[in-house]
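The primary structure of each chain is shown beneath.
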Amino acid sequence: MQDFERLRLMRKESGFEKDRFAEILGYKPRTYANFENGTDKITDFFLEKLQKTVNGNPDYILKGEMPVFKTKISGVMEGNYNAYESVNQNNNSKYDELMTPERFERLLTLMERQQNTIDSLIENQKVLSLKIPDVPGGEKYARAAMR
């Protein structure tokens, strides 16, 4: 088995789709896809990012040595996608049950939908605030909406 095939297996074991895994690693989907399909050679820099972001084992990619991950991915530690909290594989942490890759993916989708709703409401407020001055006494509400 070649390194790019082991990379594909690592990504699948992580539970992430290809585009999301690319984003987590800080790559554009097409660039990452080139690593995973063997078009581009897997570099030391890429392996370093893989280890730092998802605790991927570089020796697994290069030589097939287990484990696939040095420690288990269990959830987000900070507000960015590149910093993951790691828990030892033999540790039955509460995070193992609470934050799985699938749940994390659903949470991100929900947050994106909520942000779209907020953006839509703000836009509607701006449109309505332009119409308020036409209503008697609406000037004070228009000034408040423009803040």
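**Student:** In this structure, what is going on with the overall build of the protein? I would like to understand it.
**Tutor:** The helix and strand inventory of the protein stands at eight helices and two strands. The N-to-C order of helical and strand elements in the protein reads α-α-α-α-α-β-β-α-α-α. Put simply, of all contacts in the protein between residues at least 6 apart along the chain, 41% involve residues at least 24 apart. Taken as a whole, the protein presents about 9,800 Å² of accessible surface, with 52% of it coming from carbon and sulfur.

**Student:** Which parts of the structure should I look at to understand unusual backbone geometry?
**Tutor:** Only a minority of non-glycine residues have a phi that is not negative, and only a minority of peptide bonds are not trans. In this structure, Pro 67 follows Met 66 across a cis peptide bond, with omega equal to 5°. Structurally, the position occupied by Pro 67 is in the loop between helix H5 (58-63) and strand S1 (72-76). Unlike most non-glycine residues, Asn 55 shows phi in positive territory, near 60°. Considering the arrangement of structural elements, one finds Asn 55 in the loop between helix H4 (44-54) and H5. In this structure Asn 55 comes out as buried when scored by relative accessible area, which is 17%.

**Student:** What is the right way to look at the packing of helix H2 (residues 18-25) against helix H3 (residues 29-36) in this model?
**Tutor:** Packed helix pairs are characterised by how far apart their axes lie and by the angle those axes make with each other. At a minimum axis separation of 9 Å, H2 and H3 run at an interaxial angle of 105°. In terms of orientation, H2 and H3 fall into the roughly perpendicular class. Seen from H2, the contacting residues are Lys 18, Asp 19, Phe 21, Ala 22 and Leu 25; seen from H3, they are Pro 29, Tyr 32, Ala 33 and Glu 36. The class makeup of the residues in the contact of H2 with H3 is six nonpolar, no polar and three charged.

**Student:** I keep staring at the nonpolar core and nothing clicks. Help me out?
**Tutor:** Among soluble globular proteins, nonpolar side chains are generally buried collectively. If you look at the biggest cluster of nonpolar residues, it comprises 21 residues, and the most contacted ones within it are Leu 7, Tyr 32, Phe 46, Leu 50 and Ile 61. For this core, the elements supplying multiple residues, two or more each, are helix H1 (3-14), H2, H3, H4, H5 and helix H7 (101-131). Once you skip the residues sitting within four places of it in the chain, Phe 46 turns out to touch Leu 7, Leu 25, Tyr 27, Tyr 32 and Phe 35.

**Student:** I'm lost on the environment of Val 54 in this one. Help?
**Tutor:** Position of Val 54 relative to the elements: it lies in helix H4. Judged by relative accessible area, which is 0%, Val 54 ranks as buried.

**Student:** Sorry if this is basic, but what is going on with the side chain of Ser 14 here?
**Tutor:** Positionally, Ser 14 belongs in helix H1. Residue classification places Ser 14 among the buried positions, given a relative accessible area of 5%. In this structure the side chain of Ser 14 is engaged in a polar contact, spanning 3.3 Å, whose partner is the backbone nitrogen of Phe 16. When near neighbours in sequence (up to four residues on either side) are disregarded, Ser 14 contacts Phe 21, Phe 69 and Pro 101.

Calculation criteria
Residues numbered from 1 in each chain as written. Predicted model: local features only at pLDDT ≥ 70, side-chain atom pairs only at ≥ 80, totals over all residues. Heavy atoms only, no water. Helix = DSSP H or I, 4+ residues; strand = E, 2+ residues; numbered from the N terminus. Contact = heavy atoms within 4.5 Å. Areas by Shrake-Rupley, 256 points an atom, 1.4 Å probe, with all protein chains shown as cover. Buried < 20%, exposed > 50% of the residue type's maximum accessible area, 1.4 Å probe, protein only. Axes fitted to C-alpha atoms, helices over the stretch in contact; angles between N-to-C directions. Parallel < 35°, antiparallel > 145°, perpendicular 65-115°, else oblique. Nonpolar A, V, L, I, M, F, W, Y, C, P; charged D, E, K, R; others polar. Core = buried A, V, L, I, M, F, W, Y, C linked by side-chain atoms within 4.5 Å. Polar contact = N/O pair within 3.5 Å; in protein donor to acceptor, adjacent residues only side chain to side chain.

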